[in-house]
Amino acid sequence: MPIVPARHPWRWAAGVVAVVVLAQFAHGLATNPGWDWPTFRAFFSTTTILRSVWITLQLTFYGTALGFLLGAGVAALRLSRSPILQTIGWAYIWAFRSIPLIVQLVFWFNLSYLYKRLGVGIPFGPTVWSFDTIGVLGAMGAAVLGLALHQAAYAAEIIRGGIIAVDGGQLEAASALGIPRFRQAWRIVLPQAMRGILPAAANEVISLFKGTSIVYVMAIGELFYQVQVIYGRTGRVVPLLMVATVWYILLTTLLSIGQYYVERYFARGAQRTPPPTPLQRARGFVRNIQATRRTPPAGRTAPSIGGRS
């Protein structure tokens, strides 16, 4: 009896509808004059926009690096056996997750108003050394500090979640073998925890990258702020917003590609034969086409040496 594959007409119908909707959307983007693509092309790669993209990348890099470094310390406090350290770590996360980021940025930007001088000395006693806070923390420094402290609260929970997801038997076996505690954490726990940390951590980095637009309240010339300045001067709101949108999409795509390869690297212990990357699949597809072209058609044999078949 012949085997007849199952048919899925509704699946094909849904696919056709989705393709038609996407085609209509793309046609509207290309033909609707309201998008004003000439203005988009005129401003997309100007010096002002490129400089603002660089500032956005700087905010993202410093906020991510400092945030996850501090978050690792806060996660260590949460995982400590000391109730005092656990409480300090929990209080930090509670405070910085409760206060909106824009409020934190405004506080740090006005640090010199809240505290005229800061110093080091004996607690509740005389001050040994102090300095004026005016001019110490500029707009860029306040933005990086606010983003890093805010990011650390979320990074701490991401790191803690990845560590507690590792089976406790791993540490028991390592202790039974006499492996030092630092090496247990670095060579056994961390590589396994990274598989759980990376997806959520990458999501936070992308969220921070887009969230840097909130520093416009501090008049920092990042991407969204410069776009606002330009369309406030020219009145071309939609094409300038599309400039920011396309830049955010391009850079988020690059971050997602980096996330894919980093996750693939740390998945080596869990997957003996990881699936091929998109580049490897493309190369395999090209090789298959080349092999098909070199293969003689059915019914014909390649001529042998001397002209004999």
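Please read all numbers here as calculations on a predicted model, not as lab measurements.

A. Structural detail: a nonpolar patch on the surface. Residues Ile99, Ile102, Val103, Val106, Phe107, Tyr113, Leu114, Tyr115, Leu118, Tyr216 and Val217 make up a contiguous nonpolar surface patch of about 960 Å² in total accessible area. Here the nonpolar patch takes four residues from helix H5 (residues 101-109), the largest share from any one element. Mapped onto the elements of the fold, tyrosine 115 is located in the loop between helix H6 (111-114) and strand S1 (117-121). Here tyrosine 115 falls in the partly exposed class, since its relative accessible area comes to 48%.

B. Main features of the packing of helix H7 (residues 139-164) against helix H9 (residues 181-211). For the pair H7 and H9, interaxial distance at closest approach is 8 Å and the crossing angle is 150 degrees. What the angle tells us is that H7 and H9 run roughly antiparallel. As H7 runs across H9, the sense of the crossing is right-handed. Contacts from Leu147, Gln151, Tyr154, Ile158, Ile159, Gly162 and Ile163 in H7 reach Val189, Ala193, Ile197, Ala200, Ala201, Glu204, Val205 and Leu208 in H9. Here the contact of H7 with H9 is composed, by residue class, of twelve nonpolar, two polar and one charged.

C. The arrangement of the packing of helix H3 (residues 47-79) against helix H10 (residues 223-234) in detail. Here H3 crosses H10 at 150 degrees, and the two axes come no closer than 8 Å. Accordingly, the angle class assigned to the pair H3 and H10 is roughly antiparallel. Of the residues in H10, those in contact with Thr48, Ile49, Ser52, Val53 and Thr56 of H3 are Leu223, Gln226, Val227 and Ile230. Classifying every residue of the contact of H3 with H10 by side-chain character gives five nonpolar, four polar and no charged.

D. Seen up close, the layout of surface pockets. The volume enclosed by the largest pocket comes to roughly 1,200 Å³. In terms of lining, the largest pocket is formed by 34 residues, of which the most central are Ile159, Ile163, Leu190, Ala193 and Ile197. Elements supplying a minimum of two residues to the lining of the largest pocket: H3, H7, helix H8 (168-176), H9 and helix H11 (237-266). Sorting elements by how many residues they give to the lining of the largest pocket places H9 first, with 15 residues.

E. A look at the UniProt feature "transmembrane region" (unreviewed entry) in the chain. What UniProt calls "transmembrane region" (unreviewed entry) maps, in this numbering, to residues 52-77, 89-109, 129-150, 213-231 and 237-262. As annotated, residues 52-77 has a helix share of 100% and a strand share of 0%, and its two end C-alpha atoms lie 37 Å apart. A helix fraction of 47% and a strand fraction of 0% characterise residues 213-231, whose end C-alpha atoms lie 16 Å from each other.

F. Summary view of the nonpolar core. One finds Phe68, Tyr92 and Ile197 to be the most contacted residues of the largest nonpolar core, which totals 21 residues. Elements with a contribution of two residues or more to this core: H3, helix H4 (83-98), H7 and H9. What phenylalanine 68 contacts, discounting residues up to four positions off in sequence, is Gln151, Ala155, Ile159, Ala201 and Val205. Counting residues in each nonpolar core, the second largest holds 15 residues, with Val53, Leu240, Tyr248 and Leu251 among its members.

G. Representation of the pairing of strand S2 (residues 127-132). Taking burial as the measure, the six residues of S2 include zero buried ones, a minor fraction of the element. As paired elements, S1 and S2 share five bridges and run antiparallel to each other. Bridge pairing in S2 links glycine 121 to threonine 127. Linking two consecutive strands that pair antiparallel, namely S1 and S2, is a turn of five residues; a positive phi of about 60 degrees is found at phenylalanine 124 within it.

H. Spatial organisation of the packing of aromatic side chains. Summed over the entire model, instances satisfying the criterion amount to ten aromatic pairs. Measuring from ring centre to ring centre gives 6.3 Å for tryptophan 35 and tryptophan 37, while their planes differ by 20 degrees; the resulting arrangement is stacked. Classification of tryptophan 37 as partly exposed rests on a relative accessible area of 22%. Judged by centre distance (4.9 Å) and plane angle (10 degrees), the ring pair of phenylalanine 44 and tryptophan 247 falls under stacked. Of the two residues, phenylalanine 44 sits in helix H2 (residues 37-44) while tryptophan 247 sits in helix H11, which places them 203 residues apart along the sequence.

What counts and what doesn't
- Residues numbered from 1 in each chain as written.
- Predicted model: local features only at pLDDT ≥ 70, side-chain atom pairs only at ≥ 80, totals over all residues.
- Heavy atoms only, no water.
- Patch = residues over 30% accessible without salt bridge, like charges linked within 9 Å, V, L, I, M, F, W, Y side chains within 5 Å.
- Areas by Shrake-Rupley, 256 points an atom, 1.4 Å probe, with all protein chains shown as cover.
- Salt bridge = Lys/Arg side-chain N within 4 Å of Asp/Glu carboxyl O.
- Helix = DSSP H or I, 4+ residues; strand = E, 2+ residues; numbered from the N terminus.
- Buried < 20%, exposed > 50% of the residue type's maximum accessible area, 1.4 Å probe, protein only.
- Axes fitted to C-alpha atoms, helices over the stretch in contact; angles between N-to-C directions.
- Parallel < 35°, antiparallel > 145°, perpendicular 65-115°, else oblique.
- Left-handed = near helix turned anticlockwise from the far one by under 90°.
- Contact = heavy atoms within 4.5 Å.
- Nonpolar A, V, L, I, M, F, W, Y, C, P; charged D, E, K, R; others polar.
- 1 Å grid on protein atoms, 1.4 Å probe; cavity = no way out; pocket = protein on both sides within 12 Å on 5 of 7 lines; lining within 4 Å.
- Points joined across faces, edges and corners; volume = space filled by probe spheres on them.
- UniProt positions renumbered as here; feature names shortened; annotations may be inferred.
- Core = buried A, V, L, I, M, F, W, Y, C linked by side-chain atoms within 4.5 Å.
- Pairing = 2+ DSSP bridges.
- Phe/Tyr/Trp six-rings, centres within 6.5 Å; stacked < 30°, edge-to-face > 60°.

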